[in-house]
Amino acid sequence: MAEQEYHNILVPVDGSPEAELAFDKAKRIAQTNGAHLDLLTVLDTKQFVGNYGGSLTGDAIYQISEDAQNYLENLKAAAIEKSGLKDIGIHIRFGNPKVVIARDFPRDHHNDMIMIGATGLNAVERVLVGSVTEYVNRHAPCDVLIVRTDLNNKFQGKKKK
């Protein structure tokens, strides 16, 4: 028996390469621990307010939700096919990604680990909008693993100049 076993792992995904790395590692850890895997996409409600105070139509919001659902279903199907994982839940939430990932979702689903990709933001963007990863790391009620490497532990981020 391992010293630390995880039973309910949350992986927030948004289509970014960083999120996909986290998902790849989470599949491996879920297999090793016989754990349930929650895939979560958070649709930021601020994105539904367009320029000049206009907002997206109901049809556009529906399409964004459908696209997110299809993305999650494709990730789940690929995980089942390639790694044999079957205990995978897919979830879409609306709201502030920082709060949903760090607090709301883990509270509701009793996650004992969050595996999240390292931020894709540059230093200026982090100052202006803040990093979701950084927020989750500071506020989550469970262990947080920030993924920066692929399955062979090779760094996949941008090289610093």
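To keep things clear, this report deals only with the structure shown in the data block. (Residues numbered from 1 in each chain as written. Predicted model: local features only at pLDDT ≥ 70, side-chain atom pairs only at ≥ 80, totals over all residues. Heavy atoms only, no water.)

With 21 residues, the main nonpolar core has Ile-9, Val-11, Val-13, Phe-23, Leu-37, Leu-39 and Met-115 as its most contacted residues. With six residues, the single largest contributor to this core is helix H1 (residues 17–33). In this view, Phe-23 contacts Val-11, Val-13, Leu-37, Leu-39, Leu-75 and Ala-79; residues no more than four positions away in its chain are not counted. Counting 13 residues, the second-largest nonpolar core is a separate cluster that includes Val-100, Ile-101, Ile-116 and Ala-140. (Core = buried A, V, L, I, M, F, W, Y, C linked by side-chain atoms within 4.5 Å. Buried < 20%, exposed > 50% of the residue type's maximum accessible area, 1.4 Å probe, protein only. Helix = DSSP H or I, 4+ residues; strand = E, 2+ residues; numbered from the N terminus. Contact = heavy atoms within 4.5 Å.)

Two side chains with opposite charge may pair up if their charged atoms get near one another. Applying the stated criterion across every chain yields a total of five salt bridges. Here Lys-27 and Asp-24 are joined by a salt bridge, their closest N and O atoms 3.4 Å apart. Of this pair, Lys-27 and Asp-24 both sit in helix H1, three residues apart, which is roughly one turn of the helix. Where Arg-107 meets Asp-108, a salt bridge forms, and the shortest distance between an N and an O atom there is 3.4 Å. (Salt bridge = Lys/Arg side-chain N within 4 Å of Asp/Glu carboxyl O.)

The subject of this paragraph is the sheet that holds strand S4 (residues 113–117). Taken in spatial order, the five strands of this open sheet run S3-S2-S1-S4-S5, and their pairing is parallel. The sheet is open, and its two edges are formed by strand S3 (88–94) and strand S5 (143–147), each paired on a single side. Across the sheet, the mean angle separating the axes of adjacent strands is 25° when strand polarity is ignored. In terms of strand pairing, strand S2 (residues 36–43) meets S3 through seven bridges, oriented parallel. (Pairing = 2+ DSSP bridges. Axes fitted to C-alpha atoms, helices over the stretch in contact; angles between N-to-C directions.)

To continue, consider the pairing of S4. Burial analysis of S4 places five of its five residues in the buried class, the great majority of the element. Across the two faces of S4 the burial is the same, with Met-113, Met-115 and Gly-117 and Ile-114 and Ile-116 all buried. As paired elements, strand S1 (residues 8–12) and S4 share two bridges and run parallel to each other. Of the residues in S4, the one forming a bridge with Ile-9 is Met-113. Pairing between S4 and S5: five bridges, direction parallel. Paired with Gly-117 across the two strands is Val-147, which belongs to S5.

Attention shifts here to the packing of helix H3 (residues 97–109) against helix H5 (residues 132–139). Packed helix pairs are specified by the crossing angle of their axes together with the interaxial distance, meaning the distance between the axes. Between H3 and H5, whose axes approach to 9 Å, the crossing angle comes to 30°. Accordingly, the angle class assigned to the pair H3 and H5 is roughly parallel. Seen from above, H3 lies across H5 with right-handed handedness. Residues Pro-97, Lys-98, Val-99, Ile-101, Ala-102 and Arg-103 of H3 lie in contact with H5, whose contacting residues are Val-132, Tyr-135, Val-136 and His-139. Of the residues assigned to the contact of H3 with H5, the class counts are seven nonpolar, one polar and two charged. (Parallel < 35°, antiparallel > 145°, perpendicular 65-115°, else oblique. Left-handed = near helix turned anticlockwise from the far one by under 90°. Nonpolar A, V, L, I, M, F, W, Y, C, P; charged D, E, K, R; others polar.)

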